[in-house]
Structures are given as structure tokens and as C-alpha cells.
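Commentary on secondary and tertiary structure
The residues making up each chain are set out below.
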Amino acid sequence: MPNIVYELIELLASLLRFLGLAIFGLGFGWLALDLLKESSLWQVQIAVFLGLAGLLIAMAVYTAWGALGAFAAGAGVAFLIWGLPKKEKKEEPKKE
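Residues numbered from 1 in each chain as written. Predicted model: local features only at pLDDT ≥ 70, side-chain atom pairs only at ≥ 80, totals over all residues. Heavy atoms only, no water.

1. Some remarks on a nonpolar patch on the surface
- A surface patch of nonpolar side chains, amounting to about 520 Å² of accessible area, comprises Trp30, Leu31, Leu35, Val77, Ile81 and Trp82.
- Every element with two or more residues in the nonpolar patch is listed here: α1 (3–38) and α3 (65–83).
- Here Val77 is to be found in helix α3.
- A residue is classified by how much of its surface remains accessible, and Val77, at 41% relative accessible area, is partly exposed. (Patch = residues over 30% accessible without salt bridge, like charges linked within 9 Å, V, L, I, M, F, W, Y side chains within 5 Å. Areas by Shrake-Rupley, 256 points an atom, 1.4 Å probe, with all protein chains shown as cover. Salt bridge = Lys/Arg side-chain N within 4 Å of Asp/Glu carboxyl O. Helix = DSSP H or I, 4+ residues; strand = E, 2+ residues; numbered from the N terminus. Buried < 20%, exposed > 50% of the residue type's maximum accessible area, 1.4 Å probe, protein only.)

2. Observations regarding the nonpolar core
- Membership of the largest hydrophobic core is limited to seven residues, which are Leu21, Leu52, Met59, Ala67, Leu68, Ala70 and Phe71.
- Those elements giving two or more residues to this core turn out to be α2 (42–62) and α3.
- For Met59, the residues in contact, after removing those within four places along its chain, are Leu21, Ala67, Leu68 and Phe71. (Core = buried A, V, L, I, M, F, W, Y, C linked by side-chain atoms within 4.5 Å. Contact = heavy atoms within 4.5 Å.)

3. Describing the packing of aromatic side chains
- Applying the stated criterion across every chain yields a total of three aromatic pairs.
- Between Phe24 and Phe28 the ring centres are 5.9 Å apart and the planes differ by 40°, which places this aromatic pair in the tilted class. Of the two residues, Phe24 and Phe28 both sit in helix α1, four residues apart, roughly one turn of that helix.
- Among the residues examined, Phe24 registers a relative accessible area of 40% and is labelled partly exposed.
- Relative accessible area serves as the criterion here: at 23%, Phe28 is assigned to the partly exposed category. (Phe/Tyr/Trp six-rings, centres within 6.5 Å; stacked < 30°, edge-to-face > 60°.)

Geometry only, nothing functional implied.
Shown next as C-alpha cells:
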């Protein structure tokens, strides 16, 4: 097969890895936030934090930088979406 086919397959694999790790980061970030908010035990909160930190360290050592960036971006988006406090909606009086 020509080299261009291998290049296209490699490009497609890189894009799929980037998107997959971004989605994985989003899901892992949501799970970490859910466990941190719902758990009242400090042991669970420490385990979640150390698990997230350990995963980031392991990914920095064993994956490509693009994959690590995709995971970090997905987790960051999850923290911004579900981690920020929600604003309360003001009720407006109904006009009759």
C-alpha cells in the first residue's frame, strides 16, 4: 500500500484518540466531582483526589502530549460545567 494510506490512517487514529480521551476526561471529571460532592467522608475525598492526580501523572509518563491535553481539557470542562455553584433564579411576580 502507498505511504499516503498509512499517513491517513495514522491521522484518523490520532483524531480518534484525541476525541476519546476528551470524552473520557469529561466523564472522569463528572465522576470525580460527583464523588467529591456526595461523599461526607474525608477518606473518599482524598482517594478521589489522589486517583485523579495519579491518573494525570501516569498519563504524562505513558501517553502522548495531545492525549494528555485532551484528557485535561475534558476534565477542565467538566469541572467548569458541574463544579461551579449554580445561581438561583429570581422569581418574577406574575402579571394578571
